[in-house]
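Next come the chains, spelled out residue by residue.
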Amino acid sequence: MEWLETVPAVSVYLLVGLVIGLESLGIPLPGEIVLVSSALLAATTTDHIDPLVLGACASAGAIIGDSIGYLIGRKGGQPLVNWAGRKFPKHFGPDQVAMAEEKFDKWGMWAVFFGRFIALLRIFAGPLSGVLKMPYWKFLIANVLGGVVWAGGTTALIYYVGVVAESWLKRFSWVGLVAAVLFGVGSFVVMKRRAAKAAARREVAAAQPADAMAE
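Residues numbered from 1 in each chain as written. Predicted model: local features only at pLDDT ≥ 70, side-chain atom pairs only at ≥ 80, totals over all residues. Heavy atoms only, no water.

Student: Hey, could you go over the packing of helix H1 (residues 9-25) against helix H2 (residues 31-44) for me, with residue numbers and the actual values?
Tutor: Where H1 meets H2, the axes come as close as 9 Å, and the angle between the chain directions of the two elements is 160°. Classified by the interaxial angle, the pair formed by H1 and H2 is roughly antiparallel. Considering how the two elements wind past one another, H1 and H2 form a crossing that is left-handed. Contact with H1, carried on its side by Val12, Val16, Val19, Ile20 and Glu23, involves Gly31, Glu32, Val34, Leu35, Ser38 and Leu41 of H2 and no other residues of that element. Its residues placed into classes, the contact of H1 with H2 shows seven nonpolar, two polar and two charged. (Axes fitted to C-alpha atoms, helices over the stretch in contact; angles between N-to-C directions. Helix = DSSP H or I, 4+ residues; strand = E, 2+ residues; numbered from the N terminus. Parallel < 35°, antiparallel > 145°, perpendicular 65-115°, else oblique. Left-handed = near helix turned anticlockwise from the far one by under 90°. Contact = heavy atoms within 4.5 Å. Nonpolar A, V, L, I, M, F, W, Y, C, P; charged D, E, K, R; others polar.)

Student: Requested: an account of a nonpolar patch on the surface, with residues and values cited.
Tutor: Taken together, the side chains of Trp107, Trp110, Phe114, Phe117 and Val149 make up a nonpolar region of the molecular surface, amounting to roughly 540 Å² of accessible area. Within the secondary structure layout, Phe117 lies in the loop between helix H6 (109-115) and helix H7 (119-131). On the basis of relative accessible area, Phe117 is assigned to the partly exposed category, the value being 34%. (Patch = residues over 30% accessible without salt bridge, like charges linked within 9 Å, V, L, I, M, F, W, Y side chains within 5 Å. Areas by Shrake-Rupley, 256 points an atom, 1.4 Å probe, with all protein chains shown as cover. Salt bridge = Lys/Arg side-chain N within 4 Å of Asp/Glu carboxyl O. Buried < 20%, exposed > 50% of the residue type's maximum accessible area, 1.4 Å probe, protein only.)

Student: Account for the nonpolar core, with residues named and values stated.
Tutor: Within the largest apolar cluster, 23 residues are counted, with the highest numbers of intra-cluster contacts made by Val12, Val16, Ile20, Leu35, Ile49, Leu54 and Ala58. Elements with a contribution of two residues or more to this core: H1, H2, helix H3 (51-87) and helix H8 (136-164). If we ignore the near neighbours within four places in the chain, the residues touching Leu54 are Tyr13, Val16, Ser38, Ala39, Ile49 and Thr155. Listed in part, the 14 residues of the second largest apolar core include Tyr70, Ala111, Phe124 and Phe139. (Core = buried A, V, L, I, M, F, W, Y, C linked by side-chain atoms within 4.5 Å.)

In structure tokens, the structure reads:
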């Protein structure tokens, strides 16, 4: 992370906002890892990265990206989901979509809010809300609250932990990056398993009416 100290602060702000915005829009990118790394950078450098500006840029990227994703999903509908499944089968495959739809059916606007904290759902929240025709005012409330709490909260937490452990982090900053990667991979694996279970439940539910008609 030492080379990042030579990068202009404005570039870091723009990078964080852009990556998180694109991830929220529906493009699989490591937004959480970029945010955590930048917050650590802010904590371990002097007068370089302002955590308030960083959190604001991250929040703005999350909110704007989700909003664009919602509009794209609203216009594109189910054909968009099918296209994304062909282009990104690991992220938008039938299992992942089935899991996400199940969460949205059950939790509604809260799926948008809490989905911000879950790696796989983070890329689904905006587009899928549009595809499922969620009322925009509900989506907007959940989107803004989720974006601010997740992006601002993550920035604040990582920054203050970094300040407290500044001397340790300067010597072992790679540990933070490894932890962030492991957390992201772990979240992905858990959500992938849940997606497979959700798809299996849907297959069982779909087969039941056919079995009843056969009888």
